[in-house]
Amino acid sequence: MAEVEHAASIRPMPGNSVGGDAAVILEIGEVLWAVVIDVLGHGPDAYELALRVVDQVQRVHPVGPGSLLEELHREFLGSRGFGAAVVSVDKRDGRVCHAGVGNVVARTLCGGERRFVSSYGVVGLRFRTPKEETVQLPHDGLVVMYTDGVSNRFGLAEYPMICSHEASEVVDTIAAWFGKDHDDAGFMALRYKATAAS
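Numbers given for residues are sequential positions, taken from 1 along each chain in its written order. Confidence filtering applies because this is a predicted model: local features only for residues at pLDDT of at least 70, side-chain atom pairs given and counted only at 80 or more, and all residues used for totals across whole chains, interfaces and linings. Remark: hydrogens and water are excluded; side-chain values derive from all non-hydrogen atoms of the structure.

This next bit is on the environment of E133. Along the polypeptide, E133 turns up in strand β8 (residues 133-136). Relative accessibility thresholds used throughout: buried, under 20% of the residue-type maximum; exposed, over 50%; partly exposed, between the two (1.4 Å probe, protein chains only). E133 sits in the buried class, given a relative accessible area of 8%. Sequence spacing of E133 and S118 is 15 residues, and the spatial spacing of their C-alpha atoms is 9.8 Å. Here, residues are in contact when the closest pair of their heavy atoms is within 4.5 Å. Not counting residues within four places of it along the chain, the set of residues in contact with E133 comprises V96, C97, H98, R114, F116 and V117. Within the structure, E133 has its side chain in polar contact with the backbone nitrogen of V117 (distance 2.7 Å). Labels follow the DSSP assignment, with helices taken as runs of H or I lasting at least four residues and strands as runs of E lasting at least two, numbered in each case from the N terminus. We call two N or O atoms a polar contact when they sit within 3.5 Å, provided that within protein one can donate a hydrogen and the other can accept it, with sequence-adjacent residues counted only if both atoms are side-chain atoms.

Considered for burial, the residues of helix α2 (residues 65-75) that qualify are P65, G66, L68, L69, L72 and H73. All buried residues of α2 project into a common sector of 160 degrees when viewed along the axis, lining one side. Among the structural elements, β3 (31-39), α1 (43-59), β4 (82-90) and β5 (95-101) are those in contact with the buried residues of α2. Note that the arc is computed from the directions linking the helix axis to the C-beta atoms.

To continue, consider the packing of aromatic side chains. To describe a pair of aromatic rings, one takes the distance between the centres and the angle between the planes. Only the six-membered ring of Trp is used, alongside the rings of Phe and Tyr, when aromatic pairs are assigned; centres must lie within 6.5 Å, and planes under 30 degrees apart are stacked while those over 60 apart are edge-to-face, with the rest tilted. Counted under the stated rule, the structure contains seven aromatic pairs. Aromatic rings pair up to connect Y146, F154, Y159, W177, F178 and F187 into one cluster.

Along the chain, the position of G66 falls in helix α2. For the pair G66 and C97, spaced 31 residues apart in sequence, the C-alpha to C-alpha distance is 9.4 Å. Setting aside its immediate chain neighbours within four residues, G66 contacts A99, P130 and E132.

What makes a salt bridge here is a side-chain nitrogen of Lys or Arg within 4 Å of a carboxyl oxygen of Asp or Glu, nothing more. Counted under the stated rule, the structure contains eight salt bridges. Taking the shortest distance from any N to any O, the salt bridge between D90 and R92 comes out at 2.8 Å. Its relative accessible area of 60% is what places R92 among the exposed residues. A salt bridge links R107 to E113, with the nearest nitrogen and oxygen atoms 3.0 Å apart.

Counting 25 residues, the largest nonpolar core has I37, V53, L72 and F82 as the members making the most contacts within it. Those elements that place two or more of their residues in this core are β2 (21-28), β3, α1, α2, β4 and β5. The element contributing the most residues to this core is α1, with six residues. If sequence neighbours within four positions are ignored, V53 has contacts with I37, L72, F76 and F82. Definition of nonpolar core: a set of buried residues of the types Ala, Val, Leu, Ile, Met, Phe, Trp, Tyr and Cys, connected through side-chain atoms within 4.5 Å.

Position of V101 relative to the elements: it lies in strand β5. For the pair V101 and G20, spaced 81 residues apart in the sequence, the C-alpha separation amounts to 16 Å. The contacts of V101, once residues within four sequence positions are left out, are L69, G83, A84, S118, S119, Y120, G121, V122, V123, F127, R128 and P130.

Before going further, it helps to spend a moment on the sheet that holds β5. Here, any two strands with at least 2 DSSP bridges between them count as paired. The strand order β2-β3-β4-β5-β8 describes an open sheet built from five strands, whose pairing is antiparallel. Edge positions in the sheet fall to β2 and β8, since each has one partner strand and no second. With strand direction ignored, the average angle separating the axes of adjacent strands in the sheet is 15 degrees. The pairing of β4 with β5 spans seven bridges and is classified as antiparallel. Bridge assignment links D90 to a residue of β5, and that residue is R95. Between N-to-C directions, angles span 0 to 180 degrees; the directions come from axes that are lines fitted to C-alpha atoms, helices contributing only their stretch in contact. Sitting on the sheet, α1 touches β2, β3 and β4, and the angle it makes with β2 is about 5 degrees.

This is the structure we're talking about:
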């Protein structure tokens, strides 16, 4: 049976013990849901909101990435706000659906490179209805999701082994090589294993 390897790294801004970046995984039936958020600001106040968002995500039964973001916007309207990206991966066929708002990036690598488009705005503050995009992942295809505490300047040229490393090693390597010293840094990797049982 196919599976989706997943791993995440969350690091507060150096000098702080906590921060506003967070990552959540939900597995509902044959679909894996991944959510990465970046709360505005740093430190304990941002961390407190991040915990509330994580708790809310874990309580819902998502219908689609866009509708989940709309639900979070309604729930946290009037808060300090946050950027977010939501990805669903159907284990049966590798179909990926994405929606995002704000500064959290989602990209595919290894078998086709694509950067998903996020809507302008801040969840809980200024919100434009997010657009859902769907792509097909091949076996060993990779989705990476990260906050603006991680540099955009990585790809196959800068990290040639990214397509052969397990998700946990990808996360550790990106966090070490491309995490910024002046911000919280959140990173998640999802690798689709279409032939895991063969």
